[in-house]
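# Topology and contacts: notes
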Amino acid sequence: MMKKHKALYLLMLPGILYYLIFKYAPMYGIIIAFQDYSVGRGILGSKFVGMKHFIEFFYVTPDAWKLIRNTVMLNVYDLLFHFPAPIVLAILFHEIRISWFKRLVQSVSYMPHFLSTVVIAGIIVTFLSPSSGVVNHALSRAFGIEPILFLGHPEWFRTIYVGSEIWQKVGWGTILYLAAISGIDPTLYEAAKMDGASRFQQVRHVTLVGMLPVMIVLFVLTLGHFMETGFQKILLLYNSMNYETSDVINTFVYRRGILDADFSFATAVGLFQSVIGLVLVVAANRIVRKYSQTSLW
């Protein structure tokens with residue numbers, strides 16, 4: 001079997017090595033979440049303290065529940081608005097009948113994906129500037145609204161973050177859904193037309209059904225990152241004025257682990273995030289396997 005498909009296994013090798021070196025090997029360091037880790041003593045020589053850091057996070061850290069709330073809320077909004085966006089856009093792309101226009105809008109929608117997070121954050125800050133930003137200028141010209149310091153108001157942060165995520169990633173996210181649509185048997189559309197189905201009914205009963213397996217798999221995988229957020233973008237956009245809604249677990253781990261060099265505590269909090277993600281993936285996979293024929297395993 002190995003000899004027959006050796007070319008395919010060689011293609012898999014870089015990916016396997018990547019996960020072994022950068023994903024599985026570092027798991028050894030999880031031990032320091034249960035230690036008072038000292039760089040001088042190393043992992044094997046540091047004192048074991050059990051659940052001390054987990055208890056400190058949940059019962060001693062004053063902002064722990066605010067951090068969890070902000071992380072959960074950002075991810076809930078992301079699931080509600082960002083996750084369906086590529087599905088809708090992929091269907092719209094599929095319905096475009098003018099080939100050159102279809103290629104053009106697809107290419108334009110992919111472009112933000114290739115911009116670095118620093119550039120994206122810079123664009124957001126510039127566009128939302130109260131003095132010279134395009135958004136405030138448009139609001140002032142069209143509705144006579146006074147300039148708003150968007151990044152200075154906590155209630156605006158989640159909208160800005162999720163909106164920028166959709167703009168940056170929605171085009172690239174359509175690729176898998178378009179691949180799923182291309183795999184749908186064209187005769188199903190012909191049969192639907194013969195039965196008198198409208199364009200909307202064809203989308204509902206043929207296109208969406210054909211996309212469903214990919215949607216389920218991506219939804220389960222997304223739940224695995226539910227307690228994580230776009231750390232880089234938040235770090236570049238948050239400030240003391242919007243901390244109430246922008247400060248999340250990842251930014252807290254960065255400050256505590258990197259800036260304060262409290263490696264054990266930061267590892268414990270990061271492990272908590274990973275465990276929640278694992279539980280959500282296993283639970284979601286079990287549910288979808290029970291009610292559908294598609295699952296991760």
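Everything numeric in this text was worked out from a predicted model, so none of it was measured. (Residues numbered from 1 in each chain as written. Predicted model: local features only at pLDDT ≥ 70, side-chain atom pairs only at ≥ 80, totals over all residues. Heavy atoms only, no water.)

Glancing now at the pattern of salt bridges. Tallied over the entire structure, the rule returns nine salt bridges. For the salt bridge of R256 with E56, the shortest nitrogen-to-oxygen distance reads 2.9 Å. A residue pair is termed long-range when its members are at least 10 positions apart, and R256 in helix α14 (residues 249–259) and E56 in helix α3 (residues 52–60) qualify at 200 residues. Judged by its relative accessible area of 18%, R256 is buried. The salt bridge involving R69 is made with E244; its shortest N-O contact spans 3.3 Å. (Salt bridge = Lys/Arg side-chain N within 4 Å of Asp/Glu carboxyl O. Helix = DSSP H or I, 4+ residues; strand = E, 2+ residues; numbered from the N terminus. Buried < 20%, exposed > 50% of the residue type's maximum accessible area, 1.4 Å probe, protein only.)

What follows is about the nonpolar core. Formed by 39 residues in total, the largest nonpolar core has its most connected members in F57, I87, Y177, M211, I249 and V269. At the level of elements, α4 (64–82), α5 (84–95), α9 (154–182), α10 (186–194), α11 (199–223), α14 and α15 (263–291) are the ones that each hand at least two residues to this core. Apart from the residues lying within four places of it in its own chain, the contact partners of M211 are I87, I91, Y177, A180 and I181. Ranked by size, the runner-up nonpolar core spans 15 residues in total, among them L74, F157, I160 and V248. (Core = buried A, V, L, I, M, F, W, Y, C linked by side-chain atoms within 4.5 Å. Contact = heavy atoms within 4.5 Å.)

Once that is clear, we can look at α11. When the local axis directions of α11 are compared, the greatest deviation, roughly 45°, occurs at L212, which is followed within four positions by the proline P213. Listing the buried residues of α11 in full gives Q202, V203, V206, T207, M211, M215, I216, V220 and L223. The inward-facing, buried residues of α11 abut α4, α5, α9, α10 and α15. (Bend = angle between axes of the 7 residues up to and from the residue.)

The topology assignment puts T229 in the loop between α11 and α12 (231–237). Once you skip the residues sitting within four places of it in the chain, T229 turns out to touch T71, L74, N75, Y161, I234, V248 and N250.

Between α5 and α11, the shortest axis-to-axis distance is 11 Å and the interhelical angle comes to 130°. The orientation of α5 relative to α11 falls into the category oblique. Judged by the sense of rotation from one axis to the other, the crossing of α5 with α11 is right-handed. Each of I87, I91, H94 and E95 in α5 lies in contact with α11, whose residues at this interface are R199, V203, T207, L208, M211 and M215. Along the lines of polarity and charge, the residues of the contact of α5 with α11 split into six nonpolar, two polar and two charged. (Axes fitted to C-alpha atoms, helices over the stretch in contact; angles between N-to-C directions. Parallel < 35°, antiparallel > 145°, perpendicular 65-115°, else oblique. Left-handed = near helix turned anticlockwise from the far one by under 90°. Nonpolar A, V, L, I, M, F, W, Y, C, P; charged D, E, K, R; others polar.)

Moving on, we get to the environment of R256. The sequence separation of R256 and A266 amounts to 10 residues, and the corresponding C-alpha distance is 6.1 Å. Other than its neighbours up to four places away in sequence, R256 contacts E56, A261, D262 and F265.

Attention now moves to unusual backbone geometry. Glycine aside, a negative phi is what most residues show, and trans is what most peptide bonds show. Phi is positive for A261, close to 60°, though the residue is something other than glycine. Relative to the assigned elements, A261 resides in the loop between α14 and α15.

Our next topic: the confidence of the model for the protein. Confidence in the prediction for the protein averages 91 pLDDT; 100% of positions are at 70 or higher. Averaged over each element, pLDDT in the protein is lowest for helix α2 (residues 42–45) (88) and highest for α5 (95). (pLDDT = per-residue confidence, 0-100.)

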